Amino acid sequence: MEQPIQVGDWIQISILGSGSFGTVSLWRNQRTSESVAIKKCKYMKPSALSAKQKQRWHMEVEFLKSVDHPNIIKYKIIDPILDNMMNKYNPTNLPLLSMEYCTKGNLRRYLTNEPIKLCGLPESDVRMIIRDISDGLSYLHNKNITHRDVKPDNIVLQDAPTRKGSAVYKLIDLGYAKELQDSTLSFVGTMHYLAPEIFYNKDYDYRVDYWSMGTMVFEIICGVLPFLPELTPFNKYEKIKNKGPDDICIFLNNSGSVSNSTEIKKENFVTSCFKQNIEIWLRKTLQMEPGNRKFSNNLSAFDYLRYILDKKIIQVFSVFKLEFYSYEVNDSTQFGTLKDWISRDIKIPKSDLHFLFRYQTIPNQSNDKSYEICHCNDDKTLLQYLIYHESVILYVYKKDSILHDKCFSPKLPNLLKELFNNFKFPLNYLKRVYRLALFYIYSARRTKETFKSAYLSLIQHIQGQCEKVKNQYIKATSEFRQLLENVHSFNKKLKEDKLNGNIQGHLNSFPEFGQCLKYGTRIISNLERRQANLKLFETQYKMLEVKKLSISEAEKYAAEVFAKCDILAQFETCNSKGFLQLPKNGDSPDIILKPIRDAVSETLKLECNLYLKENKLKDNSQDFCVISKFSEDLLFWVDDFVDNIQKLSNEFGIVRATYDKILSEAVKTKKLDFVLNFNTNETEELIKENEVLRCQFIDLLSERMAAHKDFVEAAQDYLDLD
């Protein structure tokens, strides 16, 4: 009699998977929405299982009950109603294994859900998988347990909305796991991920997990297994046995012969810095002899992985060369040092480079990312932002020209070149050609989208610079007028405060008054010069406003050009699961390869049109460089102007405060009894008649010098100002 699919509030949703002697089913409580995955032996008689198989089953249940780690599947207690029903239909009497349900399936399914993953996963995914699984294995090893069957099929993805990537990776299937009480264990595991010592039935220990983990890491980065997956296990391990100590890859080359490599495949989506670090780790973990799978300072393989993952990498895109670079940095790295590294690698002097990046602000309601353009300099805060936001790319431009005539040259792999040379491909080459084509088209799309972002970011940066110039110009004229009005107001107050009497009789009591005269005259002289400069700047600003119109037109044109270069459409067509048709009887490889050839050809055409034939795009980019320099110079000038006006305002504030203090003291002591002959005309006229004012102040100071020799030096300082 078949097991019911519903009991109480529980209903069986689906069968999640079936192994050699177990089946996993998903059950959900209709009232609480709670889910549980239950593994049950699928055999109908206890005699169908050997003693070792029964032991393995019990061991898996006990192991799962004993472990508690976020990266290992959790044991769940079954509702008694559900437990009783399922045990009634469990003739082997082996215990049920109930686990949390991970909603996103296993890593194998994730690796095969779209063709582009034949070339590996993005670095962000690789990092999360490595961190999660190494943490889980490290936990098991610390409990003296080895997993022995690490592979994508035994890793599941749990939904984690608050985490980047929205998934947590967990180890499952502890059926092969074993406490390491001795070094001689049974032949277990999956052939492709099996450590050589197990295959050759030698003694082994926890380091078999190093080999399996290394094999899986290579696969998720490259999309393929490292050691000849096309061969039978025996032939493959015979090749592995003869590999060099630093070899991490054995593959069939285009001629059909076997080649070894100390590097991972070129077709991958990780940065060069991460690639170099992970290759060092793989050369250790994929050693034939377990004793050689060791790291310096007695680190475990998983400790060393965390060391790699903790390194900070900045991604850089050279717009001038259409190339990507990456650099390891830390909290003590100076932005100037990063500039030196970039200058060295792209072979352009640092002084000729311009740096921008886009940082994310608050996403809008449609969940699109909102960005703000930031002009980089030596500010430590900007470098810290780049360090802790790995997805942000630093754009590097050559100041005098964004693009050059030789910025693009097709870089087709040799095998893809044969698509256009009437080469007769064997059928077993189809998947390899398809993989290379996918990677080429994806890379072309990535370069184009990054170039587009960099190009439009520069436009937005220049527009932002122009807006800053405008705002500072408004601020400059406003503060200048305000200072003029304040000077005029003060002049009126001096007139209102005139008192009858002889000025000579009272200056002796107020020596600060001489300084007031000195600073007041200097301020008036400065205002006269600043007014002339402001008129000159106004002319320059009007020229910038005219240039801004061409920027807006260039932005519209660029958007049209980028829209026409639709490499994304080519990629999406090739990345569909039905694109590469399986050969039928009588099909020639040429018929199957034609869509691939057409997609590669069209991508090449689009790239050439964008980078080589769009002369207006290049011409506009050269104009951007001129306008950018012009706007930066104007912004520097107007910033300096505002600073100087603010300093003058501060000085005038001191003059005014000093005068008010003198006046207050004079009124209090009845000492102030003099007349100040300040001109009472409007402020603009006051500045025009500055020469007259100077003479008046000089006469006052001269009288002061005649009466008091100790003030000769102070007055002489002023007289020397001209």
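This text goes with the structure placed above it.
Summarised in this report is the structure supplied together with it. (Residues numbered from 1 in each chain as written. Predicted model: local features only at pLDDT ≥ 70, side-chain atom pairs only at ≥ 80, totals over all residues. Heavy atoms only, no water.)

## Comments concerning unusual backbone geometry
- You will see that Asn93, though not glycine, has its phi angle at about 60 degrees, which is positive.
- The class for Asn93 is exposed, based on a relative accessible area of 63%.
- Located in the positive-phi region is Asn298, a residue other than glycine, with phi close to 60 degrees. (Buried < 20%, exposed > 50% of the residue type's maximum accessible area, 1.4 Å probe, protein only.)

## A look at the nonpolar core
- The biggest cluster of nonpolar side chains holds 87 residues, and the ones touching the most others in it are Phe451, Tyr455, Ile596 and Phe624.
- Every element with two or more residues in this core is listed here: β16 (393-398), α12 (414-417), α13 (430-496), α14 (512-564), α15 (567-574), α16 (589-613) and α17 (615-669).
- The element best represented in this core is α13, accounting for 26 residues.
- Listed in part, the 78 residues of the second largest apolar core include Ile73, Ile133, Trp211 and Ile264. (Core = buried A, V, L, I, M, F, W, Y, C linked by side-chain atoms within 4.5 Å. Helix = DSSP H or I, 4+ residues; strand = E, 2+ residues; numbered from the N terminus.)

## Observations regarding the sheet that holds strand β1 (residues 6-7)
- The sheet built from five strands is open, its strands ordered β1-β2-β3-β4-β5 with antiparallel pairing. Pairing within the sheet leaves two strands with one partner each, and these edge strands are β1 and β5 (97-99).
- Strand direction decides the pairing type here: strand β3 (residues 22-29) and strand β4 (residues 35-41), joined by seven bridges, are antiparallel. By the bridge assignment for β4, Leu26 is matched with Ala37. (Pairing = 2+ DSSP bridges.)

## Quick word on the packing of aromatic side chains
- Counted by the stated rule, this structure contains 26 aromatic pairs.
- Where Tyr327 meets Trp341, the ring centres are 6.2 Å apart and the plane angle is 20 degrees; that geometry is what we call stacked. Here the residue Tyr327 occupies a position in strand β13 (residues 323-329), and Trp341 occupies one in helix α10 (residues 335-346), the gap between them amounting to 14 residues.
- A residue is classified by how much of its surface remains accessible, and Tyr327, at 5% relative accessible area, is buried.
- For Trp341, a relative accessible area of 24% puts it in the partly exposed group. (Phe/Tyr/Trp six-rings, centres within 6.5 Å; stacked < 30°, edge-to-face > 60°.)

## What about the state of the cysteines?
- Going through the model one piece at a time under the given rule, you end up with zero disulfides.
- No disulfide involves Cys119; its sulfur sits 9.6 Å from that of Cys222, the nearest cysteine. (Disulfide = S-S within 2.5 Å.)

## A closer look at the environment of Asp159
- With respect to the helices and strands, Asp159 occurs in strand β7 (residues 155-159).
- Under the relative-accessibility criterion, Asp159 is labelled partly exposed at 38%.
- Sequence separation between Asp159 and Tyr169 is ten residues; the distance between their C-alpha atoms is 9.1 Å.
- With residues up to four places along the chain from it excluded, the contact list for Asp159 reads Thr103, Lys104 and Ser166. (Contact = heavy atoms within 4.5 Å.)

## With respect to the packing of helix α4 (residues 123-142) against helix α9 (residues 301-309)
- The interhelical angle for the contact between α4 and α9, taken along N-to-C directions, is 150 degrees, at an axis separation of 9 Å. Overall, the two elements α4 and α9 adopt an arrangement that is roughly antiparallel. Helix-helix and strand crossings are classified by hand; for α4 and α9 the assignment is left-handed. Where α4 abuts α9, its residues Arg127, Ile130, Arg131, Ser134, Asp135, Leu137, Ser138 and His141 lie against Phe302, Leu305, Arg306 and Leu309. (Axes fitted to C-alpha atoms, helices over the stretch in contact; angles between N-to-C directions. Parallel < 35°, antiparallel > 145°, perpendicular 65-115°, else oblique. Left-handed = near helix turned anticlockwise from the far one by under 90°.)

## Describing the pattern of salt bridges
- Tallied over the entire structure, the rule returns 30 salt bridges.
- Among the salt bridges present, the one from Asp173 reaches Arg56, with a minimum N-O distance of 3.8 Å. With a gap of 117 residues between them, Asp173 in the loop between β8 (167-171) and β9 (178-179) and Arg56 in helix α1 (residues 51-66) connect regions that are remote in the sequence.
- Between Arg108 and Asp153 there is a salt bridge, and its shortest N-O distance comes to 3.2 Å. Pair noted here: Arg108 is in helix α3 (residues 107-111) and Asp153 is in the loop between β6 (145-146) and β7, with a separation of 45 residues, a long-range link.
- Taking the relative accessible area as the measure of exposure, Arg108 reaches 23% and is therefore partly exposed.
- A single network of salt bridges, built from pairs that share partners, joins Glu263, Lys275, Glu279 and Arg283. (Salt bridge = Lys/Arg side-chain N within 4 Å of Asp/Glu carboxyl O.)

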